[in-house]
Amino acid sequence: MKRRTFLIGSVSGLSLVALTACVPPSPRPTASVSPSPTPTPSLVPKPENVRRTSWSADPFARGSFSFPAVGATPEQREALATPVDGRLFLAGEATSIDAPGTVQGARASGMRAARDVQAVATAGERIAVIGAGIAGLTAARALKDAGFDVVVVEARDRIGGRIDTVTDKKWPFPIELGASVVRASGTTTLDEELIGLGVITAPFSRTSETRTSDGLVVPVPDTGAQAVNAALAWAADQPADVSVARALADSGASKLSTTDADTGVSDADWLDYEITTVLALNSGAAVDDQSGWYTPAAPGLDEDRLVLGGFNGLFDALLEGIDLLGSSVVTRIAYGESGASLRLGNGESLGADRVIVTVPLGVLKTKVMEFDPPLPFAHRGAIAALGMGTLDKIWLQFAEPFWDTDAPLWTTVGGDDDFRVWINMVPFTGEPVLVGLVAAETALRLAEVGDDEFLAAALASLVPFVSPMDTATPTPAPK
Ligand SMILES: Cc1cc2nc3c(=O)[nH]c(=O)nc-3n(C[C@H](O)[C@H](O)[C@H](O)COP(=O)(O)OP(=O)(O)OC[C@H]3O[C@@H](n4cnc5c(N)ncnc54)[C@H](O)[C@@H]3O)c2cc1C
């Protein structure tokens with residue numbers, strides 16, 4: 001079956017998992033999956049190790065990264081970053097205008113929040129930083145170095161937040177369940193710093209080997225990209241923001257031929273390809289939800305570098321000498337002229353002069369964290385308007401490669417598989433490990449299914465990459 005129905009569907013029935021009052025103690029957005037003996041497409045061998053993520057279900061993330069939702073503006077990120085009464089400071093990737101949804105954007109927001117605090121505070125004051133992700137730890141480090149008394153309060157029993165490196169003897173190298181790429185490395189010092197810390201990175205080109213569901217390798221034309229660019233150009237001329245889906249439909253850009261070329265792929269399939277492998281992956285959101293005004297026409301994918309030596313290598317130096325209160329969920333922040341007070345999930349309280357809040361946008365949206373007094377209108381407006389997208393991963397380790405391509409990035413076109421993008425770790429590590437990526441409404445749907453079904457969906461998506469040698473029917477011996 002082919003996917004040509006993107007404009008018909010909507011994610012409305014699949015919105016992020018509703019808030020529950022009960023927050024489990026030490027969640028991880030992931031589970032080790034026992035390779036199942038149950039339905040795996042017989043052509044793909046059973047993996048030896050499996051690890052999946054479910055970031056939308058993680059109570060301390062509620063999604064993977066923020067995206068420009070239809071109706072939201074970049075100024076709303078600025079509004080979110082505006083200090084409240086000189087007591088409350090918000091940071092985190094969603095508050096970054098230059099690089100939202102990235103590690104460097106989150107890090108820059110932590111530096112900015114630390115500067116905002118220093119502008120109004122006196123050295124020696126007690127600053128509570130909520131969240132031990134890259135934004136929180138960056139802010140904490142800067143303030144500690146400037147002579148402040150800093151405490152970091154973190155809900156999980158680990159640091160790093162959406163940087164989640166697993167170093168486990170089951171895996172031949174550190175695997176990244178959250179961020180794994182230094183995006184647009186030429187625009188940031190992050191890669192140099194990782195190298196300085198001894199963390200290996202490698203150039204990561206977004207040029208993929210693309211196959212049809214029959215395994216045919218096909219060149220990617222610019223049909224889909226051109227249609228999206230035409231739709232975004234049309235959207236830019238509209239009096240109000242519209243979704244990318246509406247822009248595609250109303251501009252006429254999505255009116256593409258559904259007749260298959262010799263390859264079995266039609267122009268409409270190439271538009272679907274652009275939507276699922278580029279737009280959905282970059283935002284974590286369906287085109288129905290993405291802003292026609294602010295979705296980047298050509299996302300900055302140049303000079304990406306894949307982190308191979310553990311993204312969490314960033315944290316040791318940041319954390320040195322800083323008080324960390326782990327496994328402590330902040331449920332309420334009261335702030336006023338004389339200072340601030342945090343209430344924790346276990347009923348305890350913590351006083352501070354000022355507070356930096358770095359919890360993800362997805363968490364702010366659920367309102368598990370009460371603010372007293374409530375956040376100003378502009379902050380609440382920004383939280384409601386900005387979008388939180390979902391990207392999930394599955395890591396698979398095989399006994400040996402069953403594929404015959406050296407391409408580091410694989411994509412599929414024209415089929416109906418859930419995992420349309422794969423990273424082949426062989427060229428980087430020599431190990432037969434694959435990483436499947438799934439985003440937007442497909443990721444939200446799969447977050448609801450059990451491990452066996454998740455794995456089966458991933459393995460079914462790998463069938464186009466099975467080496468013909470493994471699939472060839474043996475020729476009968478001559479009689
Ligand atoms: C699957 C995936 C892939 C990604 N890929 C990339 C990539 O390749 N490149 C890239 O640049 N970016 C990528 N990102 C985005 C990147 O990981 C984030 O932008 C960045 O790590 C966010 O950092 P942060 O400090 O803003 O938030 P976080 O890292 O989420 O830190 C917030 C912290 O707050 C804590 N917290 C939440 N609620 C509470 C509470 N009530 N009380 C106390 N603490 C709380 C959380 O546990 C967390 O530790 C990816 C993200 C995901 C999920």
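Everything numeric here is computed off the predicted structure, so don't read it as measured data.

### Comments concerning the packing of aromatic side chains
Tallied over the full model, the rule gives 12 aromatic pairs. For the ring pair Trp 403 and Trp 410, a centre distance of 5.6 Å and an interplane angle of 70 degrees mean the geometry is edge-to-face. In this structure, Trp 403 and Trp 410 share a single accessibility class: buried. Among the aromatic residues, those joined into a ring-pair cluster are Phe 398, Phe 402, Trp 403, Trp 410 and Phe 465.

### Quick word on the site of the ligand
Close contacts around the ligand come from 40 residues, with Val 103, Glu 154, Arg 156, Arg 162 and Val 181 the closest. At 2.8 Å from an oxygen atom of the ligand is found a main-chain nitrogen or oxygen belonging to Val 103. One of the backbone N or O atoms of Val 181 is found 2.7 Å from a nitrogen atom in the ligand. Taken by itself the ligand offers 1,000 Å² of open surface, and the protein chains cover 99% of this. At the level of secondary structure, the elements contributing two or more residues to the shell around the ligand comprise helix H2 (103–120) and helix H3 (134–145). Among the elements that make up the shell around the ligand, the one with the highest residue count is H2 (three residues).

### Some details on the sheet that holds strand S17 (residues 354–357)
One open sheet holds the five strands; their spatial order is S4-S17-S5-S6-S13, and the pairing between them is parallel. Single-partner strands in this sheet number two, and they are strand S4 (88–90) and strand S13 (323–325). Averaged over all adjacent pairs, the angle separating strand axes in this sheet is 20 degrees, with direction ignored. Pairing analysis gives four bridges linking strand S5 (residues 126–130) to S17, with the strands arranged parallel. Bridge pairing in S17 links Ile 127 to Arg 354. Running at roughly 165 degrees to strand S6 (residues 149–153), H3 makes contact with S5, S6 and S17 of the sheet.

### Things to note about the sheet that holds strand S16 (residues 349–352)
In space, the four strands of this open sheet follow the order S16-S15-S14-S18, with mixed pairing throughout. Either end of the sheet is taken by a strand with one partner, and the two such strands are S16 and strand S18 (370–372). Here the average twist between neighbouring strands, direction ignored, is 15 degrees. With six bridges joining them, strand S14 (residues 330–336) and strand S15 (residues 339–344) adopt antiparallel strand pairing. Looking at S15, one finds that Arg 332 is bridged to Arg 343.

### Comments concerning the side chain of Arg 354
Topologically, Arg 354 is positioned in strand S17. Polar side-chain contacts of Arg 354 include one of 2.7 Å to the backbone oxygen of Gly 86. Those residues in contact with Arg 354 that lie beyond four places of it in its chain are Gly 86, Arg 87, Phe 89, Val 117, Val 120, Ala 121, Glu 125, Arg 126, Ile 127 and Ala 128.

Rules and cut-offs
- Residues numbered from 1 in each chain as written.
- Predicted model: local features only at pLDDT ≥ 70, side-chain atom pairs only at ≥ 80, totals over all residues.
- Heavy atoms only, no water.
- Phe/Tyr/Trp six-rings, centres within 6.5 Å; stacked < 30°, edge-to-face > 60°.
- Buried < 20%, exposed > 50% of the residue type's maximum accessible area, 1.4 Å probe, protein only.
- Near = heavy atom within 4 Å.
- Polar contact = N/O pair within 3.5 Å; in protein donor to acceptor, adjacent residues only side chain to side chain.
- Areas by Shrake-Rupley, 256 points an atom, 1.4 Å probe, with all protein chains shown as cover.
- Helix = DSSP H or I, 4+ residues; strand = E, 2+ residues; numbered from the N terminus.
- Pairing = 2+ DSSP bridges.
- Axes fitted to C-alpha atoms, helices over the stretch in contact; angles between N-to-C directions.
- Contact = heavy atoms within 4.5 Å.

Everything listed here is a matter of coordinates, which is why it stays silent on function.
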